[in-house]
Amino acid sequence: MNTLASNAKPTSILYLDGVSVSFDGFRALNSLSFVIEPGELRAIIGPNGAGKTTMMDIITGKTRPDSGEVFFKGVIDLTQKDEAEIAQLGIGRKFQKPTVFESHTVWDNLELALNRKRGVFSTLFYRLTAEDKARIEEILSTVRLMNRKDDFAANLSHGQKQWLEIGMLLAQEPELLLVDEPVAGMTDAETAETAILLKEIAKTRSVVVVEHDMGFIRDLGVKVTCLAEGSVLAEGSIDFVSADQKVIENYLGR
Ligand SMILES: Nc1ncnc2c1ncn2[C@@H]1O[C@H](COP(=O)(O)OP(=O)(O)OP(=O)(O)O)[C@@H](O)[C@H]1O
Ligand SMILES: [Mg+2]
């Protein structure tokens, strides 16, 4: 515990300190500590079972830590909030498998996501304002789907479905976006485009992205945190982290 400078907390968007959680005696997270700054795009790497997805489960309230601190914007104790409250606070999460509405158009998927923010009652009577339409168009262009807006989501490529789901999260205006293995199964061109897209998104919010694709991580060109056995093994630039002997032994050299 208290492995981080305590003065990092007030100015951070996300602060984890000494976070541990065990499942049936297995320590999935072992005193995990790291800080994300507002507007930062952070890449998280590490071997299978390192605890990357569990870390996202903790941040989003899906899993409760056994010990440790998890703070959003310096003062909001996420360990005291449930999943719905955390989503409402402005933390969006993209799981690995896209969950778009296949039988709806791209536009309608985004419209539904925009309305979700408003709640069921207002949705029943709601008509899209010019501002809403402009926002949907802005998201369409961010996620590279402007020319697919009238197509059924079912007809998108796997990569485009991932982008649509990122777009649906953007409609909720999260301050912090967590993205788990977005480029798995994407073509090389889609993977390269996703790096550009996430960098654009991170201009207006903080983004934490977990990935195994090292080419993609290099394209992001941001600070990298390597996890192994539930804690931070190394942190810094991609060159610094990939030259680290522990990272080579535990991950890259495998
Ligand atoms: N809800 C759970 N119940 C039991 N064990 C779990 C649970 N969640 C995670 N684990 C275990 O915790 C460990 C860390 O898993 P986690 O999914 O966080 O790894 P990861 O770093 O995301 O790996 P990958 O790169 O394969 O996605 C694994 O051994 C996993 O089996
Ligand atoms: Mg995972």
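Residues numbered from 1 in each chain as written. Chains lettered and ligands numbered in written order. Predicted model: local features only at pLDDT ≥ 70, side-chain atom pairs only at ≥ 80, totals over all residues. Heavy atoms only, no water.

## Digging into the sheet that holds strand β2 (residues 26-36)
Under the convention used in this document: Between any two strands, pairing holds if DSSP finds at least two bridges. Secondary structure is summarised from DSSP: a helix means a run of H or I of at least four residues, a strand means a run of E of at least two, and numbering begins at the N terminus for each. Throughout, a contact is declared for two residues whenever any of their heavy atoms are within 4.5 Å. Interaxial angle, 0 to 180 degrees, is taken between N-to-C directions of lines fitted to C-alpha atoms, where a helix line uses only the stretch in contact.
Reading across the sheet, the four strands line up as β2-β1-β4-β5 and stay open at both edges, with antiparallel pairing between neighbours. Only two strands of the sheet have a single partner each, and these edge strands are β2 and β5 (76-77). Here strand β4 (residues 67-72) runs beside β5; their pairing, made up of two bridges, is antiparallel. For Phe71, the partnering residue across the bridge sits in β5 and is Asp77. Here helix α1 (residues 52-59) sits on the sheet in contact with β1 (14-23), β2 and β4, set at roughly 115° to β1.

## Describing the domain arrangement of the chain
To keep it simple, the criterion reads: Either an automatic procedure or a domain database provided the assignment from which the domain bounds are taken. The quantity reported as buried area is the accessible area (1.4 Å probe) lost by two parts once they are put together, taken as the sum for both. Criterion for a salt bridge: a side-chain nitrogen of Lys or Arg within 4 Å of a carboxyl oxygen of Asp or Glu. Definition of a polar contact: a pair of N or O atoms within 3.5 Å, with one able to donate and the other able to accept a hydrogen when the atoms are protein atoms, and with sequence-neighbouring residues admitted only if both atoms are side-chain atoms.
Assigned domains within the chain: domain 1 (1-89 + 223-254) and domain 2 (95-207). Using C-alpha coordinates to define each centre, domain 1 is positioned 26 Å away from domain 2. At the junction of the two partners, domain 1 supplies 15 residues and domain 2 supplies eleven residues. Carbon and sulfur atoms make up 63% of the surface buried where domain 1 meets domain 2, a total of about 1100 Å² over both sides. On the surface where domain 1 and domain 2 come into contact, there are one salt bridge. The residue Glu175 makes a salt bridge to Lys73 at a minimum N-O spacing of 2.6 Å. Our enumeration of links across domain 1 and domain 2 arrives at five residue pairs in polar contact (both at pLDDT 80 or more). Elements that contribute at least two residues to the side of domain 1 that touches domain 2 include exactly β3 (41-45) and α1.

## Focus on the sheet that holds strand β7 (residues 176-180)
Pairing between sheet strands relies on hydrogen bonds along the backbone, with the strands arranged either parallel or antiparallel. With mixed pairing, six strands are arranged side by side in an open sheet as β6-β7-β8-β3-β9-β10. A single partner strand is all that each edge strand has here, and the edge strands are β6 (91-94) and β10 (231-236). Taking each pair of neighbouring strands and ignoring which way they run, the sheet shows an average axis angle of 20°. Of the strands in this sheet, β6 and β7 are in contact with helix α6 (residues 158-170), which crosses β6 at around 165°. Where helix α10 (residues 245-252) meets the sheet, its contacts fall on β3, β9 (224-228) and β10, and the angle it forms with β10 comes to roughly 120°.

## Examining the pattern of salt bridges
Where we set the bar: Exposed residues in this analysis have more than 50% of their type's maximum accessible area, buried residues have under 20%, and partly exposed residues fall in between, with area computed by a 1.4 Å probe over protein chains only.
Tallied over the full model, the rule gives 17 salt bridges. The closest approach of N and O atoms between Lys161 and Glu102, which form a salt bridge, is 3.2 Å. Placement of Lys161 in helix α6 and of Glu102 in the loop between β6 and α3 (106-116) is noted, with a sequence separation of 59 residues between them. Residues Arg144 and Glu193 are paired through a salt bridge, measuring 2.7 Å at the closest nitrogen-oxygen approach. In this pair, Arg144 is assigned in the loop between α5 (130-142) and α6 and Glu193 in helix α7 (residues 188-201), connecting sequence segments 49 residues apart. Note on Glu193: relative accessible area 26%, which makes it partly exposed. Taken together, the salt bridges that share partners define one network made up of Glu40, Arg42, Lys223 and Glu235.

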